[in-house]
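Working through the structure, step by step
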Amino acid sequence: MLLYGFHAVMARLRQAPASFKSLYVDRHRDDTRVRDLLKLAQQQAVQVTRVEAGRLDRMAGGKRHQGVVAQVETQTISTDLPTLLSDLEGRERPPFLLLLDGVTDPRNLGACLRSADGAGVDAVIAPKDHAAPLTDVAMHTASGAGESVPYILVTNLVRTVEQLQDAGFQVYGLADQADAGLYQIRFEGPVAIVMGAEDKGLRRLVREQCDVLLSIPMMGSVSSLNVSVATGVVVYEVLRQRQAPGERPDALPADRRADPGRHRPFQPDGGGESLEERRGEGEQPPYNDDEGDEQRQPRAARPVRQKPAPGRRKRHPVGSAFHAARWLRRVPPWPFAARPVAARL
């Protein structure tokens, strides 16, 4: 398999350095990213060959390689569905799976893997007959996520959905004609998200097998999103709801919350209480509660800056030299310099 690009190559170096057959780097690059790559390759005992950029272009087939190309052994996280379900049992965090139905573009697959890795998805499942293979294009787009997220190919996706439901998963399918919107759903417990192809969506049997059909609100003129973009929206909504209560914005400590009475609400007609009315008797002016803090006083209480007295402005030394040079260019040359050479003798 051919890997190219810094993200994909460095991810493979960290996780499976023994799978490298050869590693080629542009000999004319000596920036920070290349130095970090060379340092990591030296730590992992992977030999690096410095070559010309033209050879890398031919090896990558015209694709954007960023000056790094590697020949590696094909290596994926091999597991099956029963093994995956047994490994997910007894974990503190509820399982989270992503199912792809009919996603045949390797770039979309790589982007879905990358979003799944960032949102904490435990595995990505797809049917063997209607799925993109894990090619070098998908690995490059995944930017290392293909090394960390298991990609499981199953024979029958409908049967897989039934097995997940028997294992306690709530299966949500993304469709246009949906039962509810994405932000109306509360994701709790084991969750499985099913994404369909961009042109056809979910197949009929898969759609009927899902527990809940949901849709992403669309406020513009387009009717749908790219499958990888929609996947990122859905999986990160699940992640947002699963965040610990202490990390949510509405659960911040009292000393970190914004004071709702600190700012006066905007009124288009210019009405509302004046500054003196808002202060009241015995209250300090706003933004002046610190002793000696003169910079944050109300605008009306700030001292007025006095203008300097009229007079000749003092020029900067650089500016004075500039004007002097301009004046000297107007003056005729000295009499001695203006005489011919014969006259001097």
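Structure shown above.
Rules of the game
Residues numbered from 1 in each chain as written. Predicted model: local features only at pLDDT ≥ 70, side-chain atom pairs only at ≥ 80, totals over all residues. Heavy atoms only, no water. Helix = DSSP H or I, 4+ residues; strand = E, 2+ residues; numbered from the N terminus. Buried < 20%, exposed > 50% of the residue type's maximum accessible area, 1.4 Å probe, protein only. Contact = heavy atoms within 4.5 Å. Areas by Shrake-Rupley, 256 points an atom, 1.4 Å probe, with all protein chains shown as cover. Pairing = 2+ DSSP bridges. Axes fitted to C-alpha atoms, helices over the stretch in contact; angles between N-to-C directions. Core = buried A, V, L, I, M, F, W, Y, C linked by side-chain atoms within 4.5 Å. Right-handed = clockwise from strand over helix to strand, strands pointing away. Expected span 1.5 Å × (residues − 1). Parallel < 35°, antiparallel > 145°, perpendicular 65-115°, else oblique. Nonpolar A, V, L, I, M, F, W, Y, C, P; charged D, E, K, R; others polar.

A count of helical and extended segments in the protein gives 13 helices and 11 strands. Taking all 345 residues of the protein together, the buried fraction comes to 34%. Considering only contacts within the protein whose residues lie at least 6 apart along the sequence, 76% involve residues at least 24 apart. Here the protein has roughly 22300 Å² of accessible surface; of this, 50% comes from carbon and sulfur atoms.

Taken together, seven strands build an open sheet; the order of strands is S7-S6-S5-S10-S8-S11-S9 and the sheet is parallel. One side of each edge strand has no neighbouring strand; the edge strands of this open sheet are strand S7 (151-154) and strand S9 (180-181). Taken together, the six bridges between strand S5 (residues 96-101) and strand S10 (residues 191-196) define a ladder with parallel strand orientation. In the sheet register, Leu97 faces S10, and the bridge partner there is Ala192. Taken strand by strand, helix H5 (residues 106-119) contacts S5, strand S6 (123-127) and S7, and its axis lies near 170° from that of S5.

Counting 54 residues, the largest nonpolar core has Val9, Leu23, Leu100, Phe187 and Ile193 as the members making the most contacts within it. Ignoring sequence-local partners within four residues, the contact set of Leu23 consists of Val9, Ala41, Val46, Gln47, Val48, Thr49, Val68, Val69 and Ala70. One finds Leu88, Ala123, Leu157 and Phe169 within the second-largest nonpolar core, a separate group that totals 23 residues.

Taken across its six residues, S5 has six buried, putting it largely inside the fold. In S5, alternate side chains face the same way, and those of Phe96, Leu98 and Leu100 on one face and Leu97, Leu99 and Asp101 on the other are all buried. Here S5 runs beside S6; their pairing, made up of three bridges, is parallel. Paired with Leu98 across the two strands is Val124, which belongs to S6. Note that the unit made of S5, H5 and S6 has a crossover that is right-handed.

What follows concerns H5. What sets the pattern is the α-helix's 3.6 residues per turn: residues three or four places apart point alike. With 14 residues, H5 extends 20 Å between its outermost C-alpha atoms, agreeing within 8% with the 20 Å of an ideal straight helix rising 1.5 Å per residue. Residues of H5 that are buried sit in contact with S5, S6, helix H6 (136-142), S7 and helix H9 (227-242). Positive backbone phi, at 85°, marks Gly120, one or two positions downstream of H5.

Quick look at the packing of H5 against H9 now. In the contact formed by H5 and H9, the axes pass within 9 Å of each other and the chain directions differ by 10°. Relative to H9, the element H5 is oriented roughly parallel. Across the interface between the two elements, Asn108, Ala111, Cys112, Ser115, Gly118 and Ala119 of H5 pack against Val227, Ser228, Thr231, Gly232, Val235, Tyr236 and Leu239 of H9. Partitioning the contact of H5 with H9 into residue classes produces seven nonpolar, six polar and no charged.

Attention now goes to the side chain of Thr231. Along the chain, the position of Thr231 falls in helix H9. Apart from residues lying up to four places away in sequence, Thr231 is in contact with Leu98, Cys112 and Met195.

For the rest of this paragraph, the subject is the sheet that holds strand S4 (residues 68-72). The four strands are arranged S1-S4-S2-S3 in an open sheet whose pairing can be described as mixed. Two strands bound the open sheet, and with one partner strand each, they are strand S1 (2-4) and strand S3 (48-51). Across the sheet, the axes of successive neighbouring strands diverge by a mean angle of 25°, strand direction being ignored. Here strand S2 (residues 20-26) runs beside S3; their pairing, made up of four bridges, is parallel. When the sheet's bridge partners are listed, Tyr24 is paired in S3 with Thr49. In the packing of helix H1 (residues 6-15) onto the sheet, the strands contacted are S1, S2 and S4, and the crossing angle to S1 comes to about 115°. With respect to the sheet, helix H3 (residues 53-60) is in contact with S1, S2, S3 and S4, its orientation differing from that of S2 by roughly 135°.

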